[in-house]
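These are the residues of each chain, in order.
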Amino acid sequence: MNTKYPFQIKHLLAVLAISLTLFATPQAGANDDPALIVEKTVNSLLEEFSEKRDQLEGNNSDLFELVDEIASPLFDFDYISKLVLAKNWKKASAQQRREFADEFKRLLIVTYATALFQYTGNETVEFGESAVKEKKGVRFGTVNTAVSLSEQGAMPVVYSLIQDDRRDDSHQWKIYNLTVGSLNMVLNYRAVIQALIHRDGLDGMIAGIKDNNDKND
């Protein structure tokens, strides 16, 4: 099955790839600030990617491995999967949830890794305020930025992060959503996934994403 994803999702992930490589030290200085946590991880990715850019171009296996190793710990793929599946999360079996989370992670890695090559070095980022709130023992963070792309004006990029010690004892902030301008990653993917489930069923949707991922490996 040929699974197609709307242009706005590819555009959103491309901006994500660019903006994450631009994380500079924000105004806030606390060690627990979610923006500082993101910065540390992303600086490692950008350094390795810049050093190996020529080598990685055309070498998908090494490129995906690099992104998986460095960037994946920055994202809460299980929580993202739950939000994207929405009402279908409760309907899914433990195996279906696990399979979807694995394939959805592969999809994001492939899209993000490919989009890295749109980074030119001419982009800049400005930080706004970081906000943190707690609900039922889970901490939620918001990092507001404005990314200036090389051929466009400044574009607001908002990162949503979670720190859930009940599921993850690493005490690490992890991204579970982002909004680029008016494009929301979770809502965009949710619309696509729900349409695929309606057409192909839950197992068919998972199989379609796996097939799409296998073609890009």
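Up top is the structure these notes are about.
Residues numbered from 1 in each chain as written. Predicted model: local features only at pLDDT ≥ 70, side-chain atom pairs only at ≥ 80, totals over all residues. Heavy atoms only, no water.

**Quick word on empty space enclosed by the protein**
Thought 1: Under the counting rule described, the total for this entry stands at two cavities of 30 Å³ or more.
Thought 2: Of the voids in this model, the second largest cavity is the one considered here, and its volume is about 50 Å³.
Thought 3: Residues belonging to the lining of the second largest cavity are distributed by class as follows: one nonpolar, two polar and five charged. (1 Å grid on protein atoms, 1.4 Å probe; cavity = no way out; pocket = protein on both sides within 12 Å on 5 of 7 lines; lining within 4 Å. Points joined across faces, edges and corners; volume = space filled by probe spheres on them. Nonpolar A, V, L, I, M, F, W, Y, C, P; charged D, E, K, R; others polar.)

**Focus on the side chain of Asn-88**
Thought 1: Residue placement: Asn-88 occurs in helix α5 (residues 87-91).
Thought 2: For Asn-88, a relative accessible area of 8% translates into the label buried.
Thought 3: When sequence neighbours within four positions are dropped, the list of residues in contact with Asn-88 reads Gln-194 and Ile-197. (Helix = DSSP H or I, 4+ residues; strand = E, 2+ residues; numbered from the N terminus. Buried < 20%, exposed > 50% of the residue type's maximum accessible area, 1.4 Å probe, protein only. Contact = heavy atoms within 4.5 Å.)

**Topic: the packing of helix α3 (residues 60-71) against helix α6 (residues 94-115)**
Thought 1: Close contact between α3 and α6 brings their axes to 9 Å; oriented N to C, the two are set at 110°. Here α6 runs roughly perpendicular to α3, going by the angle between their axes. Listed contacts from α6 to Leu-63, Phe-64, Val-67, Asp-68 and Ala-71 of α3 are Lys-105, Ile-109, Val-110, Tyr-112, Ala-113 and Thr-114.
Thought 2: Residue composition of the contact of α3 with α6, by class: eight nonpolar, one polar and two charged. (Axes fitted to C-alpha atoms, helices over the stretch in contact; angles between N-to-C directions. Parallel < 35°, antiparallel > 145°, perpendicular 65-115°, else oblique.)

**Section: the packing of aromatic side chains**
Thought 1: A full pass over the atoms with the stated rule returns five aromatic pairs.
Thought 2: With centroids separated by 5.2 Å and ring planes inclined at 70°, the aromatic side chains of Tyr-79 and Tyr-176 adopt a geometry described as edge-to-face. Of this pair, Tyr-79 sits in helix α4 (residues 77-85) while Tyr-176 sits in strand β4 (residues 174-180), and the two are 97 residues apart along the sequence.
Thought 3: Residue class for Tyr-79 comes out buried when judged on its relative accessible area of 19%.
Thought 4: On the basis of relative accessible area, Tyr-176 is assigned to the buried category, the value being 15%.
Thought 5: Aromatic ring contacts, followed pair by pair, group Tyr-79, Phe-140 and Tyr-176 into a single cluster. (Phe/Tyr/Trp six-rings, centres within 6.5 Å; stacked < 30°, edge-to-face > 60°.)

**A closer look at the pattern of salt bridges**
Where charged atoms from two side chains of opposite charge approach closely, those side chains can pair.
Thought 1: Tallied over the full model, the rule gives six salt bridges.
Thought 2: We note a salt bridge from Arg-199 to Asp-200, for which the minimum N-O separation is 3.0 Å.
Thought 3: The exposed category is assigned to Arg-199, whose relative accessible area is 53%.
Thought 4: Residues participating in the shared-partner salt-bridge network are Glu-103, Arg-106, Lys-210 and Asp-214. (Salt bridge = Lys/Arg side-chain N within 4 Å of Asp/Glu carboxyl O.)

**Thoughts on the environment of Ile-193**
Thought 1: As for its placement among the helices and strands, Ile-193 is situated in helix α7 (residues 185-216).
Thought 2: As for Ile-193 and Leu-85, which are separated by 108 residues in sequence, their C-alpha atoms are 7.1 Å apart.
Thought 3: In this view, Ile-193 contacts Val-84, Leu-85, Phe-100, Met-205 and Ile-209; residues no more than four positions away in its chain are not counted.

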